[in-house]
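# Summary of structural features
Residues per chain, in single letters:
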Amino acid sequence: MTSTLVIYTTKYGTTEKYATQIASELHADLKEISNVEANDLIFYDTVIFGAPLYLGKPYHYEKILDIIRLYPPHLFLMFLVGASRPTTEDLKAIKRHLPIQDEHLFYFPGKLDYQALTVKDKLLMQGLKMWIKGHTEKTEAEQEILESFNRPVDLSKPSYTIPLINCVTENALK
Ligand SMILES: Cc1cc2nc3c(=O)[nH]c(=O)nc-3n(C[C@H](O)[C@H](O)[C@H](O)COP(=O)(O)O)c2cc1C
């Protein structure tokens, strides 16, 4: 029986792609969060959660917390997918509610395609655009976000998953 489970949430598929790759490399089971019951976790030693960042928070964060609090796994890792690396403050807020060690939390760059977004997300992105445009000096991530209004920006790469995969493999050897 496999003892690693990869659970993911996604809105536009980027996190699903990373989760599928990780599950395949680790010969782990893979589930989208709506197909997970908290007691499914009792069958696994290692649980990896993948979630995209929306407005500074992991997507479906509350559901993730409910599942993890009920059956804390022996080894719990998480990867966040986003347009830019979360700030220290965002990470602090995310970690405050999770039983996770710093070295078990990973960040992978994602994708942004303005044309493919829902109407609600387009409106939110317009708000973000106005906010970024108000900055005299723009960070690299902010430039990328502005770019994504003109053309899809894809910052994802399969190789970003290597540190997480190595971490799971090293822990299995202990
Ligand atoms: C409305 C909206 C809000 C977003 N908020 C954030 C954010 O706070 N931080 C971040 O790094 N990325 C943010 N993103 C970018 C998404 O995290 C990125 O597009 C990710 O690849 C989406 O993953 P998914 O395809 O699995 O849904 C946002 C995107 C949208 C459309």
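Counting from 1, residues in each chain are numbered in the order their sequence is written. Restriction of local features to residues with pLDDT of at least 70 applies here, the model being predicted, together with a cutoff of 80 or more for giving and counting side-chain atom pairs; totals for whole chains, interfaces and linings are based on all residues. In computing side-chain values, all of the structure's heavy atoms are included and hydrogens and water are not.

## Structural notes on the environment of Lys63
With respect to the helices and strands, the residue Lys63 is situated in helix H2 (residues 61–70). Distance in space between the C-alpha atoms of Lys63 and Ala38 is 9.6 Å, their sequence separation being 25 residues. The contact rule is simple, with two residues in contact once any of their heavy atoms fall within 4.5 Å. Those residues in contact with Lys63 that sit more than four places away from it in its chain are Ile33 and Ser34. Strands are runs of DSSP state E lasting at least two residues, helices are runs of H or I lasting at least four, and both sets are numbered from the N terminus onward.

## Observations regarding empty space enclosed by the protein
Cavities and pockets were defined on a 1 Å grid built from protein atoms only: a cavity is a group of points that admits a 1.4 Å probe but offers it no way out, a pocket is an open group of points flanked by protein on both sides within 12 Å along at least five of seven lines, and a lining residue is one with an atom within 4 Å of any such point. Grid points are joined across faces, edges and corners, and a volume is the space filled by probe spheres set on the points. Using the criterion set out here, one finds 1 cavity of 30 Å³ or more in the structure. In this structure, the largest cavity encloses a volume near 40 Å³. Taken together, Ala83, Gly110, Lys111, Leu112, Glu144, Ile145, Val153 and Leu155 make up the lining of the largest cavity. Secondary-structure elements contributing two or more residues to the lining of the largest cavity are strand S7 (111–112) and helix H5 (140–147). A class-by-class count of the residues in the lining of the largest cavity yields 5 nonpolar, 1 polar and 2 charged. Each of domain 1 (4–110 + 155–173) and domain 2 (112–153) accounts for three or more of the residues forming the lining of the largest cavity. For this classification, the nonpolar set comprises Ala, Val, Leu, Ile, Met, Phe, Trp, Tyr, Cys and Pro, the charged set comprises Asp, Glu, Lys and Arg, and every other residue, Gly included, is treated as polar. Note that the domain bounds reflect an automated or database-derived domain assignment.

## Looking at the site of the ligand
In this text, near means that some heavy atom of the residue lies within 4 Å of the molecule or strand in question. Near the ligand you find 22 residues, and of these Thr10, Thr14, Thr15, Leu53 and Lys111 are the closest. Polar contact criterion, stated in full: a pair of N or O atoms within 3.5 Å, where within protein one must be able to donate a hydrogen and the other to accept it, and residues adjacent in sequence count only if both atoms are side-chain atoms. Note that an oxygen atom of the ligand is positioned 2.8 Å from one of the backbone N or O atoms of Lys11. Interatomic distance of 3.0 Å between a backbone N/O atom of Ser84 and an oxygen atom of the ligand. Surface accessibility in these figures is a Shrake-Rupley result with a 1.4 Å probe; residues are shielded only by whichever protein chains are displayed. Relative to its free-state accessible area of 640 Å², the ligand is covered by the protein chains to the extent of 92%. The rule for placing a molecule in a cavity or pocket is simple: more than half of its atoms must lie within 2 Å of the grid points. Assessed atom by atom at 2 Å from the grid points, the ligand resides in the largest pocket. When residues of the shell around the ligand are traced back to their parent elements, those giving at least two are helix H1 (14–26), strand S3 (46–54), strand S5 (75–82), S7 and helix H4 (119–133). Counted by class, the shell around the ligand contains 11 nonpolar, 8 polar and 3 charged residues.

## Points about the side chain of Thr15
Among the secondary structure elements, Thr15 is positioned in helix H1. When residues no more than four places from it in sequence are discounted, the contact partners of Thr15 are Tyr8, Thr9, Thr10, Gly50, Ala51, Pro52, Phe79 and Val81.

## So, the pattern of salt bridges
Side chains that differ in sign of charge can pair as their charged atoms come close. Salt bridge, as used here, is a side-chain nitrogen of Lys or Arg placed within 4 Å of a carboxyl oxygen of Asp or Glu. In this structure the tally under the stated criterion is 5 salt bridges. A salt bridge links Asp40 to Lys31; its shortest N-O distance comes to 3.3 Å. Here's how the labels work: a residue is buried when its accessible area is under 20% of the maximum for its type, exposed when over 50%, partly exposed in between, all with a 1.4 Å probe on protein chains only. We classify Lys31 as partly exposed; its relative accessible area is 26%. The salt bridge involving Arg151 is made with Glu147; its shortest N-O contact spans 3.0 Å.

## Focus: the domain arrangement of the chain
When the domains of the chain are assigned, the result is domain 1 (4–110 + 155–173) and domain 2 (112–153). Each of domain 1 and domain 2 was reduced to a C-alpha centroid, and the two centroids are 25 Å apart. Each partner contributes residues to the interface: domain 1 has 7 residues there, and domain 2 has 10 residues. Buried area adds together the accessible area that both of two parts lose upon being put together, with accessible area traced by a 1.4 Å probe. In total, domain 1 and domain 2 occlude about 620 Å² of area from one another, counting both sides; carbon and sulfur atoms represent 67% of this. When the buried area of domain 1 at its contact with domain 2 is split by residue, Tyr12, Ala83 and Leu155 rank highest and sum to 64% of it. Taken together, the links from domain 1 to domain 2 amount to 1 salt bridge. One salt bridge connects Lys11 with Asp121, and the closest N-O pair in it is separated by 3.0 Å. Joining domain 1 to domain 2, the criterion identifies 3 residue pairs in polar contact (both at pLDDT 80 or more). Of the residues in the side of domain 1 that touches domain 2, the class split is 4 nonpolar, 2 polar and 1 charged.

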